[in-house]
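This is what each chain is made of:
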Amino acid sequence: MRIELEKRPNPSRLFSILSPFLALGLTVVAGGIMFALLGKSPGSALYSFFIEPLLDVWSLHEIAIKAAPLILIGVGLSVCYRSNNWNIGAEGQFIAGAIAGAIVPVVFHEWHSPLVLPLMLVFGMIGGALYAAIPAFLKAHMNTNEILTSLMLVYIAQLFLDWLVRGPWRSPDAYNFPVTRDFAPEAILPELVSSGRANLGFAFAIIAAIVLWIMMRYTLKGFEITVLGQSERAGRFAGFSSRRMIWFSMLLSGALAGLAGISEVSGTIGKLQPIISPGYGFTAIIVAFLGRLNPLSIVAAGLFLALTYVGGEAVQLTLSVSDKVTRVFQGLLLFFVLSCDTLILYKIRLVFSRLGRGNEGGAH
Amino acid sequence: MGMIEAILLTVITAATPLVLASVGELVTERTGVLNLGVEGMMVMGAAIAFAATQVTGSPYIGILAGIAGGALFSLLFGFLTLTLVANQVATGLALTILGLGVSGQIGEPYVGMSGARLEPITIPLLADIPFIGPLLFKQDIIFYISIALVIGVNWFLFKSRAGLKIRAIGDNHASAHALGIHVIRTRYLAVMFGGACAGLAGAQLSLVYTPQWVENMSAGRGWIALALVVFASWRPWRVLLGGYLFGAVSISQLHAQAFGIGIPSQFLSALPYAATIIVLILISHNRRMTLINTPASLGKPFVPDR
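Residues numbered from 1 in each chain as written. Chains lettered and ligands numbered in written order. Predicted model: local features only at pLDDT ≥ 70, side-chain atom pairs only at ≥ 80, totals over all residues. Heavy atoms only, no water.

The name given to chain B in an unreviewed UniProt entry is ABC transporter permease, with the source organism recorded as Shinella zoogloeoides. Recorded under Subcellular location (unreviewed entry), the UniProt text for chain B is reproduced unchanged: "Cell membrane". (UniProt positions renumbered as here; feature names shortened; annotations may be inferred.)

Chain A is annotated in an unreviewed UniProt entry as ABC transporter permease from Shinella zoogloeoides. One UniProt comment on chain A, placed under Subcellular location (unreviewed entry), says "Cell membrane".

Right under this line is the structure:
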């Protein structure tokens, strides 16, 4: 049996809407099989993974908390990927933003003012953007592969954060635990609604998604991004500079990742510690693709991936499976998203005959 | 054994997985396929090799399992990018994310167990040569395989007919297809070869380098291996050179820590990653050089017209 692809004359509208849902369905089925292999009842496992978290207010808040960084980073990455810039170091930019933003409440902890929080957010965005500026500069002016450099910078950022919280920034009153001092109340991101922990970070995420959606759809910049991403040559003829686009997309996605980082530490954790992210920067890549690189769909994708984090924690407790289940789910999802996207551009045909077409292998 | 010998021995141990994973990826990339999933395949190899060793008691079965695991896992990537023409960059990332998750799942029961270490094989006579002997001829089998692979791949790519076909596909898949070369089939084989090598590299990590299973134990080595292919400008001998350079860098940080140099350990641990960036800059700065050597169809999907 062989699989043959036949290019569709036009991209299929039906499948461009359907394919993410198809991917979700396949992921759920594969997940069920995985639970069965682990010796758990697939039905109840999937129920506590995907349904239960939606049924109480506490976990809805948790979903919003985890969706915020995923959406913020994901919409930034979508601009990058659309313009053919492969920033995969958002995890590092997230950490850099968190560190830069934390300068205010950690180093200047005696300064109390309503300006603290806005300043932190600005610092966070600058920190993330500056960190993304390194691979941007290297790609734009040194022709260096941004995939590898941005990724190496993730490891460096993680080690730098580790050094900070164990060394110079360690809190004097944390009994030698590797944490900074707790942020003062004015350095904490306010809660969104009174019913739970979800904070303003979620609002930032929604605003960013809407702004970027408008930019992509209605502005010249959005057009420039799309043209340069599809063909650098065509973009050059139109007078667009791919070098400027590297800077624009990388700084934008870095700033949003940085904002996500400082929102996370000031809204959810309340201090710096060695680990501040369960891989948000990498999961956001899945979010961007599941959302088909469209900012509004990325909101939905971010909420869904947040559900996999919360659902993963839930099955850990109720069925005592390991926390890697979440990771497996997320990886599977990305696989299915990518395979289902084939249906948009191609018709897939299964060929059962053993004989290929006449001329195949003829030259041998 | 003198101290210099001891240090060199650790350099060899640190370099071997890098050389293995890079040489596999080099072949894959020579056919025009960019598989960014090396990290995932490597960590899968590490977990499977360790688990198989624990179950069977034989590290050699562990090695075979690691190789097979890496190759089978890479098939997922092959199916998506070659048959379904999915984006290679995104699919490679998916392979890494999935590999980190699944390997954690496989290795879970073995956390904290110490494994059967792979014993060195002494090559008679040669091992008696002073200094070089114990270093090069009293090693585990994976080291010997790594050297043999570099020699073999170099011969294969530049001296054999199949190697010529591979390079033709990498440089222009459309012409190669027109000449009757099986582009997709060759790419499948190359992807699986890359997966097998990454799996073996992983087996080295969990059976030789640190004989135990730790989650995410590849720690970015798969990504460094990818950078090494660029560093080597797609030539096997330079992979060997680069692998040993990087092995030396990552070992130097351990020794520097042991000597109590007043630099925080985190900065030393960041050295291999920083070195990777610096090397990439030096290599890619010369735009003409990279253009000559990069397989022209690297990363581009191919759909045979029917």
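Undergrad: I would appreciate a short explanation of the confidence of the model for chain A in the present structure.
TA: Considering every residue of chain A, the mean pLDDT works out to 89; 96% of them sit at 70 or more. Across residues 356-364 of chain A the pLDDT falls below 50, and counting only partners more than four positions away or on other chains, this stretch makes twelve contacts in the model. (pLDDT = per-residue confidence, 0-100. Contact = heavy atoms within 4.5 Å.)

Undergrad: How should I be thinking about the packing of aromatic side chains in this particular structure?
TA: Aromatic ring pairs are described here by two measures, namely the spacing of the ring centres and the angle between the planes. Scanning all chains against the criterion turns up 19 aromatic pairs over all chains. Summarising the aromatic geometry, the rings of A:Trp163 and B:Phe267 are spaced 4.8 Å apart at their centres and angled 85° between planes, so their arrangement reads as edge-to-face. Taken as a pair, A:Trp163 in helix α6 (residues 146-166) and B:Phe267 in helix α12 (residues 265-269) lie in two separate chains rather than in one. Of the residues examined, A:Trp163 reaches a relative accessible area of 23% and is grouped as partly exposed. In this structure, A:Lys221 packs its charged tip against the face of A:Phe248, placed 4.5 Å from the ring centre. (Phe/Tyr/Trp six-rings, centres within 6.5 Å; stacked < 30°, edge-to-face > 60°. Helix = DSSP H or I, 4+ residues; strand = E, 2+ residues; numbered from the N terminus. Buried < 20%, exposed > 50% of the residue type's maximum accessible area, 1.4 Å probe, protein only. Lys NZ or Arg CZ within 6 Å of the ring centre and 35° of its normal.)

Undergrad: Whenever I open this one, the interface of chain B and chain A confuses me. Can you help?
TA: Quite often, the size of an interface is put as the accessible area lost when its parts meet. On the side of chain A, 47 residues touch chain B, which itself brings 55 residues to the contact. Carbon and sulfur atoms supply 75% of the area buried between chain B and chain A, which totals about 4,400 Å² over both sides. Seen at the junction of chain B and chain A, the total is two salt bridges. We note a salt bridge from A:Lys324 to B:Glu108, for which the minimum N-O separation is 3.2 Å. Viewed at the interface, chain A and chain B are joined by six residue pairs in polar contact (both at pLDDT 80 or more). Put simply, the parts of the chain that give the side of chain B that touches chain A at least two residues each are α3 (59-83), α4 (88-107), α10 (221-231), α12, α13 (271-285) and α14 (287-293) of chain B. Of the residues forming the side of chain B that touches chain A, the biggest block, 13 residues, is contributed by α4(B). (Buried area = accessible area lost by both parts, 1.4 Å probe. Salt bridge = Lys/Arg side-chain N within 4 Å of Asp/Glu carboxyl O. Polar contact = N/O pair within 3.5 Å; in protein donor to acceptor, adjacent residues only side chain to side chain.)

Undergrad: Got a minute to help me understand a nonpolar patch on the surface in this structure?
TA: All names here are of chain B. On the surface, Ile 4, Leu 8, Leu 126, Ile 129, Phe 131, Ile 132 and Leu 136 cluster together into a nonpolar patch covering about 570 Å² of accessible area. When residues of the nonpolar patch are traced back to their parent elements, those giving at least two are α1 (3-30) and α5 (132-136). By the secondary structure assignment, Leu 136 is in helix α5. (Patch = residues over 30% accessible without salt bridge, like charges linked within 9 Å, V, L, I, M, F, W, Y side chains within 5 Å. Areas by Shrake-Rupley, 256 points an atom, 1.4 Å probe, with all protein chains shown as cover.)

Undergrad: For this particular structure, what's the right way to read the nonpolar core?
TA: The nonpolar side chains of a soluble globular protein tend to be buried with one another. Among the nonpolar cores identified, the biggest contains 193 residues, and A:Ile73, A:Tyr81, A:Leu272, A:Phe289 and B:Trp223 are the most heavily contacted of them. By residue number, the principal contributor to this core is helix α3 (residues 57-82) of chain A, which donates 14 residues. The two domains that each donate at least three residues to this core are domain 1 (1-40 + 321-364) and domain 2 (65-310) of chain A. Not counting residues within four places of it along the chain, the set of residues in contact with B:Trp223 comprises A:Ile88, A:Ile147, A:Leu148, A:Leu151, A:Met152, A:Tyr155, B:Leu36, B:Glu39, B:Leu93 and B:Thr96. Judged by nonpolar contacts, the second largest core, of five residues, contains B:Ile169, B:Ile181, B:Val183 and B:Phe302. (Core = buried A, V, L, I, M, F, W, Y, C linked by side-chain atoms within 4.5 Å. Domains from an automatic or database assignment.)

Undergrad: Honestly, the UniProt feature "transmembrane region" (unreviewed entry) in chain B in this entry has me stumped. Any pointers?
TA: All names here are of chain B. Mapped onto this numbering, the UniProt entry annotates "transmembrane region" (unreviewed entry) at residues 31-53, 60-86, 141-158, 188-210, 216-234, 241-261 and 267-283. The distance from the first to the last C-alpha atom of residues 31-53 is 33 Å, and the span holds 70% helix and 0% strand. Helix makes up 100% of residues 141-158 and strand 0%, and the two end C-alpha atoms of the span are 26 Å apart.

Undergrad: Explanation requested: α3(B) in the structure shown.
TA: Because an α-helix packs 3.6 residues into every turn, residues spaced three or four apart end up facing the same way. Residue and element names in this part refer to chain B. Counted at 1.5 Å a residue, the expected span for α3 with its 25 residues is 36 Å, and the 35 Å between its end C-alpha atoms agrees. Phe 77 marks where α3 bends most, by close to 30°. Positive phi shows up at Val 85, right after α3, with a value of about 45°. (Expected span 1.5 Å × (residues − 1). Bend = angle between axes of the 7 residues up to and from the residue.)

Undergrad: What's the story with the environment of A:Gly128 in this structure? I'm lost.
TA: Residue and element names in this part refer to chain A. If you trace the backbone, Gly 128 turns up in helix α5 (residues 116-142). Separated by 63 residues in the primary sequence, Gly 128 and Ile 65 have C-alpha atoms spaced 20 Å apart. Setting aside residues no more than four positions away along its own chain, Gly 128 makes contact with Gln 93, Ala 96, Gly 97, Gly 254, Ala 255 and Gly 258.

Undergrad: What should I look at first to understand the packing of helix α2 (residues 38-56) of chain B against α3(B) in this one?
TA: To characterise two packed helices, one gives the angle between the axes of the helices and the distance between these axes. All names here are of chain B. Two elements in contact, α2 and α3, have axes whose closest approach is 7 Å; the angle formed by their N-to-C orientations is 145°. Where α2 crosses over α3, the two elements pack in a sense that is right-handed. Here Gly 40, Met 41, Met 44, Gly 45, Ile 48, Ala 49, Ala 52, Thr 53 and Thr 56 of α2 lie close against α3, whose contacting residues are Pro 59, Ile 61, Gly 62, Ala 65, Gly 66, Gly 69, Gly 70, Phe 73 and Ser 74. The class makeup of the residues in the contact of α2 with α3 is nine nonpolar, nine polar and no charged. (Axes fitted to C-alpha atoms, helices over the stretch in contact; angles between N-to-C directions. Left-handed = near helix turned anticlockwise from the far one by under 90°. Nonpolar A, V, L, I, M, F, W, Y, C, P; charged D, E, K, R; others polar.)

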